[in-house]
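Chain by chain, the residues run as shown.
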Amino acid sequence: MFELLLKYKIARVVPMQDSFFYISKLPKSMKFSQEIITLNYEKFSPFPNPFIITYIQEKELYAWFVKTKGFDELFVIPEAFLLYDTLKKEQDGIYIFDTKPKKILIIKNAKLLASFTTDQNSTFSSAILKDEYQIDSSFVYSQEEFTRRLSLATKQLSFQDLYQFTKISFKKKDFFKFFIEKLSYPLISLFAIYIFITYLQAYLIEQKIENLTQKYQELKSKNTTVKQAIKKHNKAVKLYEEFVVKELHSEDPYKCVYDMYSVITQKDKATINSIDITNNSIRLSINTHDDAIKYLKRLNKIKYFKNVVIQNTHRKRDGSKIITFFIYMKEN
Amino acid sequence: MQNPKFLFLLLSFVLLVNYINYMLPNRDRLNREKELLERKIAKEHKLNAQHIDSKKLILPYKKYFFDEKKYNYSQAMGKFQEIITKSAQKQCKITSLKWAPVPTSQDWYDRLKINLSLECKPKNMFLFINKLRENPELFYVQNLKLFHQRNKTELRVNMQLVAYRKHHEK
């Protein structure tokens, strides 16, 4: 995100050589207004009327004095802070970047103790700094490493850190002024773009709908005859289906008669006396010398017979019997 | 308040609010309408691609009914009786033939009922019904009664024959 702010000149990085670093201890972690900072810390600046960038980390206040009246950008971040941000998790030491001019950062206990630049030609002794800050190690980095670390810092800069470097004062009056001055044209443009895009979108969809409607009407008129025929066909199918269910629901009596005749074979000494088929019930009389159960079993084998019962058995003078079966048929 | 930027912003905001409230096209509705049309077109395309012959959609069931256009009730019953007597010729002896009362059904068809009594040999009974069913019209047998007559080789057959007369579409 910070890269985008830099790209669109909403943020600025102040080079180390243009700033003077000062560290101060605070009694407790607190926030200061720009006025309080100027009042308290301006006297430590080597420049008159400096622009002061501050960063508070726990009970430490880091201040960078810049020899300018102000910046147009909303976020102003010292280069030293970006480098410190990439180095603070590493070991204590004097970090020297071999750039033009040389950039030196002193970090101890993850705190930035000093940051300054020296000329390439100046006689610089890290031994003095080691003594002064009681640090044993020093590291020298190349120009490439400097560029890499700076790029890394711009990528991983947290939102909280960025917030500390904002120039926006959230006082009601200032905010309103800022809002009007900085955001009115972008907002108006956004409104205009929104109106244009939504209107254009709707216009294009309406055009598409118009074309589709025309195409649909053409196709519809092509299929009218077939559709009417299908409608008529479906109506007829429904009617005939209802007709079959209502009228032709029971088994064909002639089929029943045929199947019942097949119950008696030529070997059996039996004749059918009468058959009465009314709706879904059958009364069948057989004249025979045989046992009724034999015919009962055969009748039960006919698939569409649901219940077959022997209604009565009447013995005749000649010794034969008239057996009457009552049969219920399954409904189709 | 005298800042022209502010006034311009305010005016734009008023314009935007009014646009959203009164002029903003309902793009969701338009999209739904578009999708619906696309679905309908796809359906029409599918139907069109099937090349359906509408003549093939006419059901061949008309012939199973006596047509109201051709026969009024009495004529239909007369035709029905004629078919029965023709079918029974040489097969069975018709001993009784009785027309059922005029139907009062509000359906799209009338039931034409004839109560019939026949005397015939068992085999001829089947030949009679086969002959009857050679006609295109639908004949449905109801309440069939068969019984053996004393001292006679022929069976006594009572049945109710039903045919159907289709009302013409209005």
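Just so it is clear, the structure is predicted and the values come from calculations on it, not from any experiment.

1. Description of the overall build of chain B
- Of the regular secondary structure elements, chain B holds four helices and five strands.
- Ordered by position from the N terminus, the helices and strands of chain B form the series α-α-β-α-β-β-α-β-β.
- Of all 170 residues assigned to chain B, the portion counted as buried reaches 18%.
- Put simply, of all contacts in chain B between residues at least 6 apart along the chain, 70% involve residues at least 24 apart.

2. What about the overall build of chain A?
- Each helix and strand counted, chain A has nine helices and 13 strands in total.
- Taken across its 332 residues, chain A has 17% of its residues classed as buried.
- The long-range share in chain A, meaning contacts at least 24 apart out of those at least 6 apart in sequence, stands at 58%.

3. Here we look at the sheet that holds strand E8 (residues 111-118) of chain A
Residue and element names in this part refer to chain A.
- The strand order across the open sheet built from four strands is E8-E7-E6-E9, with neighbouring strands paired in mixed fashion. Of all the strands in the sheet, the pair left with one neighbour each is E8 and strand E9 (138-141). Neighbouring strand axes in the sheet, compared pairwise and without regard to direction, differ in orientation by 15° on average.
- For strand E6 (residues 93-97) and E9, the ladder comprises four bridges, and the chain directions are parallel. The partner of tyrosine 95 across the bridge, within E9, is phenylalanine 139.
- Along the sheet face, helix H3 (residues 79-87) touches E6, strand E7 (102-108) and E8 and points at about 50° away from the line of E7.

4. A short note on the interface of chain B and chain A
- Taken together, the contacts link 38 residues of chain B with 42 residues of chain A.
- Breaking the side of chain B that touches chain A down by element, the ones donating at least two residues are helix H1 (4-23), helix H2 (27-49) and strand E4 (140-148) of chain B.
- The element that contributes the greatest number of residues to the side of chain B that touches chain A is H2(B), accounting for 13 residues.
- Split by residue class, the side of chain B that touches chain A holds 22 nonpolar, eight polar and eight charged.

5. A word on unusual backbone geometry
All names here are of chain A.
- A cis amide bond, omega -10°, links lysine 100 with the succeeding residue proline 101.
- Residue placement: proline 101 occurs in the loop between E6 and E7.
- The phi dihedral of glutamate 58 falls on the positive side, at around 50°, and the residue is not glycine.
- Here glutamate 58 lies in the loop between strand E3 (51-57) and strand E4 (60-66).

6. A word on the packing of helix H3 (residues 73-88) of chain B against helix H4 (residues 122-132) of chain B
Residue and element names in this part refer to chain B.
- Where H3 meets H4, the closest approach of the two axes is 8 Å, and the angle between their N-to-C directions is 135°. One finds that H3 runs oblique with respect to H4. Where H3 crosses over H4, the two elements pack in a sense that is right-handed. Between H3, through Ile83, Ile84, Ser87 and Ala88, and H4, the contact on the second element is made entirely by Phe128, Lys131 and Leu132.

7. Observations concerning H3(A)
- Judged by how many residues are buried, H3(A) sits mostly within the fold: seven of nine residues are covered.
- All buried positions along H3(A) are accounted for by Glu79(A), Ala80(A), Phe81(A), Leu82(A), Leu83(A), Tyr84(A) and Asp85(A).

8. A short note on the pairing of E4(A)
All names here are of chain A.
- Among the seven residues that make up E4, six are buried, leaving the element largely enclosed by the rest of the structure.
- Here strand E2 (residues 19-25) pairs with E4 via seven bridges, running antiparallel. In the sheet register, phenylalanine 20 faces E4, and the bridge partner there is phenylalanine 65.
- The pairing of E3 with E4 spans seven bridges and is antiparallel. Within E4, the residue paired with tyrosine 55 across the bridge is tyrosine 62.
- If you look at the hairpin formed by E3 and E4, you'll find two residues sitting between the two strands, and glutamate 58 has a positive phi there, around 50°.

9. Re the packing of H3(A) against helix H5 (residues 143-156) of chain A
All names here are of chain A.
- Direction vectors running N to C along H3 and H5 enclose 90°, while the axes themselves pass 8 Å from each other. Relative to H5, H3 is oriented roughly perpendicular. Listed contacts from H5 to Leu82, Leu83, Asp85 and Thr86 of H3 are Arg149, Leu150, Leu152, Ala153 and Thr154.
- Split into classes, the residues belonging to the contact of H3 with H5 amount to five nonpolar, two polar and two charged.

10. Looking at the environment of Phe191(A)
- Inspection of the secondary structure puts Phe191(A) in helix H7 (residues 172-247).
- Excluding its chain neighbours within four sequence positions, the residues that come into contact with Phe191(A) are Ser12(B) and Leu16(B).

11. Things to note about the nonpolar core
- One finds Ile275(A), Leu284(A), Leu112(B), Cys120(B), Met125(B) and Val157(B) to be the most contacted residues of the largest nonpolar core, which totals 39 residues.
- Per element, the largest residue contribution to this core is six residues, and it comes from strand E5 (residues 155-166) of chain B.
- The residues touching Met125(B), leaving out its near neighbours within four places in the chain, are Cys92(B), Cys120(B), Leu155(B) and Val157(B).
- Ranked by size, the runner-up nonpolar core spans 32 residues in total, among them Val66(A), Tyr84(A), Tyr95(A) and Leu157(A).

12. Brief notes about the sheet that holds E2(A)
Residue and element names in this part refer to chain A.
- Within the open sheet, the three strands sit side by side as E2-E4-E3. Their pairing is antiparallel. This sheet does not close on itself; its edge strands, each paired only once, are E2 and E3. Going across the sheet, the axis of each strand differs from the next one's by a mean of 20°, ignoring polarity.
- Lying over the sheet, helix H2 (residues 34-41) contacts E2, E3 and E4, oriented at roughly 100° with respect to E3.

13. Looking at the pairing of strand E12 (residues 305-315) of chain A
All names here are of chain A.
- Counted residue by residue, E12 has zero buried out of 11 residues, so it is predominantly exposed.
- In terms of strand pairing, E12 meets strand E13 (residues 321-329) through nine bridges, oriented antiparallel. Following the sheet pairing, histidine 314 is matched in E13 by isoleucine 322.
- Linking E12 back to E13 in an antiparallel pair, the connection comprises five residues, with glycine 319 at a positive phi of about 95°.

Definitions and limits used
- Residues numbered from 1 in each chain as written.
- Chains lettered and ligands numbered in written order.
- Predicted model: local features only at pLDDT ≥ 70, side-chain atom pairs only at ≥ 80, totals over all residues.
- Helix = DSSP H or I, 4+ residues; strand = E, 2+ residues; numbered from the N terminus.
- Buried ≥ 20, exposed ≤ 12 C-beta atoms within 10 Å, placed from the backbone.
- Contact = placed C-beta atoms within 7 Å.
- Pairing = 2+ DSSP bridges.
- Axes fitted to C-alpha atoms, helices over the stretch in contact; angles between N-to-C directions.
- Nonpolar A, V, L, I, M, F, W, Y, C, P; charged D, E, K, R; others polar.
- Parallel < 35°, antiparallel > 145°, perpendicular 65-115°, else oblique.
- Left-handed = near helix turned anticlockwise from the far one by under 90°.
- Core = buried A, V, L, I, M, F, W, Y, C linked by C-beta atoms within 7 Å.

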